[in-house]
Amino acid sequence: MRTRARRLFVVALALAFAPAAAASCSLRTESGEFGDLPDRASFVDNNVSLFMEVRCGGLDCHGQVGRPLRIYGQTGLRLKARDDGLRDNSPTTDEERTENYRSVVGLEPEALSECFESKGEKIATFQLLKKPLGIENDGIRHKGGPVLRPTQSDPGWQCLYGWVSDNVDAAECERASKITP
Ligand code: HEM
């Protein structure tokens, strides 16, 4: 009797939640609605993650879990704490670089896709590019200040702008990652 009642209860529960589950599953996923986006391999293999880990990922900057643009890395925020509680200085993991990619692409996927498909023409409201320029360099107000300059001579700008414009240069990104903030 009791088992039968329990089974009936479970079925009733499932029926009660089925519509909500169906609705949540049927919510249109974000990814389907955008144009082309640069992929994870281009972000990691061309040192874009490395550049952002060094130049944006400081613990008082984007190395914080609360930042929409959250960056993990060897010298900043770590995805996993060490069991002994000590600071983990081991190299940035693949998993952390995947999280960095997701954070960067997930920030403004429409604007990123528009910039990527227009080969860097359409960037007017693209925060990922405009914030690090600061108001000083024709960007928007940024608590981190003008980290980049929109010039040929700034490897950091060449790296980030190149990646979002489908014209990434791994050497520029590596050079930019060697400039300490
Ligand atoms: C090239 C490197 C960097 C890029 C691409 C970048 C980009 C951005 C973006 C897109 C935002 C808005 C999303 C968010 O709030 O997370 C932002 C905000 C912020 N950034 Fe950065 N940033 C960089 C470097 C830095 C550095 C070095 C610092 C610290 C010195 C910093 C501090 C902040 C803070 C405090 C905010 C939140 C307040 C605000 O909106 O201005 N950023 N940054």
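All values derive from a computational prediction rather than experimental measurement.

A. Looking closely at the coordination of the iron atom of the ligand. Taken together, His-62 (NE2) and His-142 (NE2) make up the full set of protein donors to the iron atom of the ligand, lying 2.0 to 2.1 Å away. What the six donor atoms of the iron atom of the ligand show is an angle range of 87 to 178 degrees at the metal, which sorts the shape as octahedral. Placement of the pair is His-62 in the loop between helix H3 (48-55) and helix H4 (94-107) and His-142 in the loop between helix H6 (127-133) and helix H7 (155-164), with a sequence separation of 80 residues. Taken as a pair, His-62 and His-142 share a single burial class, namely buried.

B. Region of the structure containing the state of the cysteines. Enumeration over the complete set of coordinates arrives at one disulfide. Here Cys-159 engages in a disulfide with Cys-173; their sulfurs sit 2.1 Å apart. Its torsion about the S-S bond being 95 degrees, the disulfide of Cys-159 and Cys-173 is classed as right-handed. Linking Cys-159 in helix H7 with Cys-173 in helix H8 (residues 170-177), this pair joins segments that are 14 residues apart in sequence. Overall, Cys-173 belongs to the buried group, its relative accessible area being 0%.

Rules used in this analysis
Residues numbered from 1 in each chain as written. Predicted model: local features only at pLDDT ≥ 70, side-chain atom pairs only at ≥ 80, totals over all residues. Heavy atoms only, no water. Donors = N, O, S within 2.8 Å, 3.2 Å for Na, K, Ca; no water. Tetrahedral: all angles 85-135°; square planar, octahedral: opposite > 155°, others 65-115°. Helix = DSSP H or I, 4+ residues; strand = E, 2+ residues; numbered from the N terminus. Buried < 20%, exposed > 50% of the residue type's maximum accessible area, 1.4 Å probe, protein only. Disulfide = S-S within 2.5 Å.

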